[in-house]
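# Examination of the molecular architecture
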Amino acid sequence: MDIYSAIRGRRSVTTLLDDVPSRDVIDRIIQTSVWAPNHHLTEPWRFHVLCGDARSDMGSVVATELENQLDPSDPATAPAIRQARSRLLRAPVVIVVSQIGSPDAVTDLEDYAAACCATQNLMLAAHAEGLATKWRTGDMCDYQASKGYLGLAGSDRIVAYLYVGYPSPNVGPDARQRERPSIHWIGWGNES
């Protein structure tokens, strides 16, 4: 598979089979991800691979924290707790990509960008292995219980919950077309 086919063929897939990809394959795609661009070679990314009961264990830890923190009379509380318990069970493997926080604002932003690039590399490598992925963010990235479960510092950032697995056979190809990006050619003559 050439790089253009990989980039254009990769899709976010929500419906995954229960079959667990091998640890060797997961290790291989993570090893590929760290070839992402990284200013000053800080290598700010960390990977936590959740499989089996670890997914529900983490969800329970987060749900318990929410039960202790949220107002039970708020109508949003019960759905948030239910989602925390079930969210990580949507894929047989969840790779949590995180970034070590930096006190320097510029370095922190550069490191966040590098961790995002590593996540994209991981998704492309997974696609080349015949796996499907879905990049998730949201409240679970900000919960202190999530960071605590993973052993992250409060200044660290969860960049992605990457759902990984084999795509369900009833998932068809994505027929959407991408719009042509706005390109401003400067210094090329006949700018338009």
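The following refers to the structure shown. Small disclaimer: the values here were computed from a predicted structure and weren't measured.

Rules and cut-offs
Residues numbered from 1 in each chain as written. Predicted model: local features only at pLDDT ≥ 70, side-chain atom pairs only at ≥ 80, totals over all residues. Heavy atoms only, no water. Salt bridge = Lys/Arg side-chain N within 4 Å of Asp/Glu carboxyl O. Helix = DSSP H or I, 4+ residues; strand = E, 2+ residues; numbered from the N terminus. Buried < 20%, exposed > 50% of the residue type's maximum accessible area, 1.4 Å probe, protein only. Pairing = 2+ DSSP bridges. Axes fitted to C-alpha atoms, helices over the stretch in contact; angles between N-to-C directions. Arc of directions from axis to C-beta. Contact = heavy atoms within 4.5 Å. Parallel < 35°, antiparallel > 145°, perpendicular 65-115°, else oblique. Left-handed = near helix turned anticlockwise from the far one by under 90°.

With that settled, the discussion passes to the pattern of salt bridges. Applying the stated criterion across every chain, the model contains three salt bridges. In this structure, Arg28 engages Glu129 in a salt bridge whose closest nitrogen and oxygen atoms are separated by 2.6 Å. Linking Arg28 in helix H2 (residues 23-33) with Glu129 in the loop between helix H5 (105-128) and strand E3 (132-136), this pair joins segments that are 101 residues apart in sequence. Classification of Glu129 as partly exposed rests on a relative accessible area of 30%. One salt bridge connects Asp108 with Arg157, and the closest N-O pair in it is separated by 3.5 Å. Taken together, the positions of Asp108 in helix H5 and Arg157 in strand E4 (residues 157-165) put the pair 49 residues apart, joining distant regions of the chain.

Moving on, we get to the sheet that holds strand E2 (residues 93-99). Spatially, the four strands line up as an open sheet ordered E1-E2-E4-E3, and their pairing is antiparallel. Two strands bound the open sheet, and with one partner strand each, they are strand E1 (45-51) and E3. When the angles between neighbouring strand axes are averaged without regard to direction, this sheet yields 20°. Judged from the seven bridges that link them, E2 and E4 form a sheet pairing that is antiparallel. Counted as the bridge partner of Ser98 is Ile158 from E4.

Taken across its seven residues, E2 has seven buried, putting it largely inside the fold. A two-sided burial pattern is seen for E2, the buried positions comprising Val93, Ile95, Val97 and Gln99 on one face and Val94, Val96 and Ser98 on the other. Examined bridge by bridge, E1 and E2 share seven bridges and lie antiparallel to one another. Paired with Arg46 across the two strands is Ser98, which belongs to E2.

Attention now moves to helix H4 (residues 77-86). Within H4 the residues assigned to the buried category are Thr77, Ala80, Ile81 and Ala84. Down the axis of H4, the buried side of the element spans an arc of 95°, and every buried residue falls inside it. In this structure, the buried side of H4 is in contact with helix H3 (53-69).

Bringing the packing of H3 against H4 into the picture now. Across the interface, H3 lies against H4 with an axial gap of 7 Å and an inter-helix angle of 165°. Judged on the interaxial angle alone, H4 and H3 are roughly antiparallel. When you trace H3 past H4, the crossing you get is right-handed. Contact with H3, carried on its side by Gly59, Ser60, Val62, Ala63, Leu66 and Glu67, involves Ala80, Ile81, Ala84 and Arg85 of H4 and no other residues of that element.

This paragraph deals with unusual backbone geometry. The residue Leu41 is not glycine, and still its phi comes out positive at about 50°. Relative to the elements of secondary structure, Leu41 occurs in the loop between H2 and E1. The exposed category is assigned to Leu41, whose relative accessible area is 67%. Look at Glu43: it is not a glycine, yet its phi comes out positive at around 45°. Locating Glu43 in the fold gives a position in the loop between H2 and E1. Overall, Glu43 belongs to the partly exposed group, its relative accessible area being 45%.

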